[in-house]
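Observations on the three-dimensional arrangement
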Amino acid sequence: MATKKRLSGADRRIQLMEVGRGVFASKGYEATSIEEVAQQAGVSKPIVYEHFGAKEGLYAAIVDQAMDDLVTRVSESIATGTPRERFERAVLAFMTYAKEEPAGFAVMTRDSPLAAGRRGLTRVIDDLALRVADIFKVEFVHAGYNPKVAPIYANALVGMVTQVGQWWAEEGRSFSIDHVASHVAALGWMGLRHLPKEPAPSGGRRASKRRGG
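Residues numbered from 1 in each chain as written. Predicted model: local features only at pLDDT ≥ 70, side-chain atom pairs only at ≥ 80, totals over all residues. Heavy atoms only, no water.

Looking at an unreviewed UniProt entry, the chain carries the name Transcriptional regulator, TetR family, with the source organism given as Pseudomyxococcus hansupus.

This is the structure in structure tokens:
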């Protein structure tokens with residue numbers, strides 16, 4: 001009978017994260033137990049604790065890995081090209097991640113432990129928005145806009161793409177990734193193309209202010 005190969009510490013950590021990612025993705029943080037992860041990995045619970053300390057440690061490692069993967073993909077997509085090309089590639093990269101890594105995307109978008117603080121999707125949005133804002137600042141200066149407002153638009157657009165990604169993962173799979181990405185990119189880009197240098201309140205808001213509303 002063949003002897004079961006013993007994994008190295010690094011390989012065992014990778015295996016536990018892969019198993020844990022699948023369990024967290026399907027059940028969420030609260031419903032996942034270290035016992036179930038250990039059972040599916042074919043190890044004892046102390047082995048999991050040895051590598052990650054606690055369930056939260058395993059979850060944090062999985063989220064960090066997924067976030068790094070997503071941020072890398074989007075960052076590479078906006079490294080070159082015209083502003084419109086970079087924006088469209090960023091949208092497509094995000095949507096492609098949701099399709100190709102459903103477990104990683106689910107872990108980032110589902111419930112998370114309170115002690116995890118700003119991990120998960122909130123941190124992903126923050127990181128991506130910072131990178132997009134840097135691009136916007138440069139383009140705003142070239143176009144004569146105030147570069148200080150770039151983070152407003154960067155966070156708005158990244159938030160929009162994130163929400164669409166969640167919707168597609170849960171309800172919109174009848175649409176292809178390319179189809180969804182093209183519509184989201186068109187909406188975002190057309191808004192930027194017609195952006196006034198200093199947006200003014202709408203007529204309704206002005207009237208409301210005059211009435212004391």
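**Description of the overall build of the chain**
Each helix and strand counted, the chain has 10 helices and zero strands in total. Counting helices and strands in the order they occur from the N terminus, the chain gives α-α-α-α-α-α-α-α-α-α. Considering the chain as a whole, with its 213 residues, one finds that 39% of them fall into the buried category. The contacts of the chain with a sequence gap of at least 6 include a subset with a gap of at least 24, amounting to 66%. On the chain, roughly 12200 Å² of surface is accessible, and the fraction owed to carbon and sulfur atoms is 54%. (Helix = DSSP H or I, 4+ residues; strand = E, 2+ residues; numbered from the N terminus. Buried < 20%, exposed > 50% of the residue type's maximum accessible area, 1.4 Å probe, protein only. Contact = heavy atoms within 4.5 Å. Areas by Shrake-Rupley, 256 points an atom, 1.4 Å probe, with all protein chains shown as cover.)

**Focus: the packing of helix α4 (residues 55-77) against helix α6 (residues 102-109)**
Running from amino to carboxyl end, α4 crosses α6 at an angle of 115°, the nearest separation of the two axes being 9 Å. The interaxial crossing formed by α4 with α6 has left-handed handedness. Counted together, Tyr59, Ile62, Val63, Ala66, Met67 and Leu70 of α4 and Gly104, Val107 and Met108 of α6 form the full contact between these two elements. Across the contact of α4 with α6, the residue classes break down as eight nonpolar, one polar and no charged. (Axes fitted to C-alpha atoms, helices over the stretch in contact; angles between N-to-C directions. Left-handed = near helix turned anticlockwise from the far one by under 90°. Nonpolar A, V, L, I, M, F, W, Y, C, P; charged D, E, K, R; others polar.)

**Points about the packing of helix α2 (residues 34-41) against helix α3 (residues 45-52)**
Viewed as axis vectors pointing N to C, α2 and α3 meet at an angle of 105°, and their least axial separation amounts to 8 Å. Between α2 and α3, the angle is such that the two are roughly perpendicular. Counted together, Ile34, Glu35 and Ala38 of α2 and Lys45, Val48 and Tyr49 of α3 form the full contact between these two elements. Classifying every residue of the contact of α2 with α3 gives four nonpolar, no polar and two charged. (Parallel < 35°, antiparallel > 145°, perpendicular 65-115°, else oblique.)

**Comments concerning the side chain of Lys55**
With respect to the secondary-structure elements, Lys55 resides in helix α4. Salt bridges are absent for the buried Lys55, whose nearest opposite-charge side chain, Glu30, sits at 5.0 Å. A distance of 2.8 Å separates the side chain of Lys55 from the backbone oxygen of Thr32, its partner in a polar contact. When near neighbours in sequence (up to four residues on either side) are disregarded, Lys55 contacts Phe24, Tyr29, Glu30, Thr32 and Ile34. (Lys, Arg positive; Asp, Glu negative; His and termini not counted. Salt bridge = Lys/Arg side-chain N within 4 Å of Asp/Glu carboxyl O. Polar contact = N/O pair within 3.5 Å; in protein donor to acceptor, adjacent residues only side chain to side chain.)

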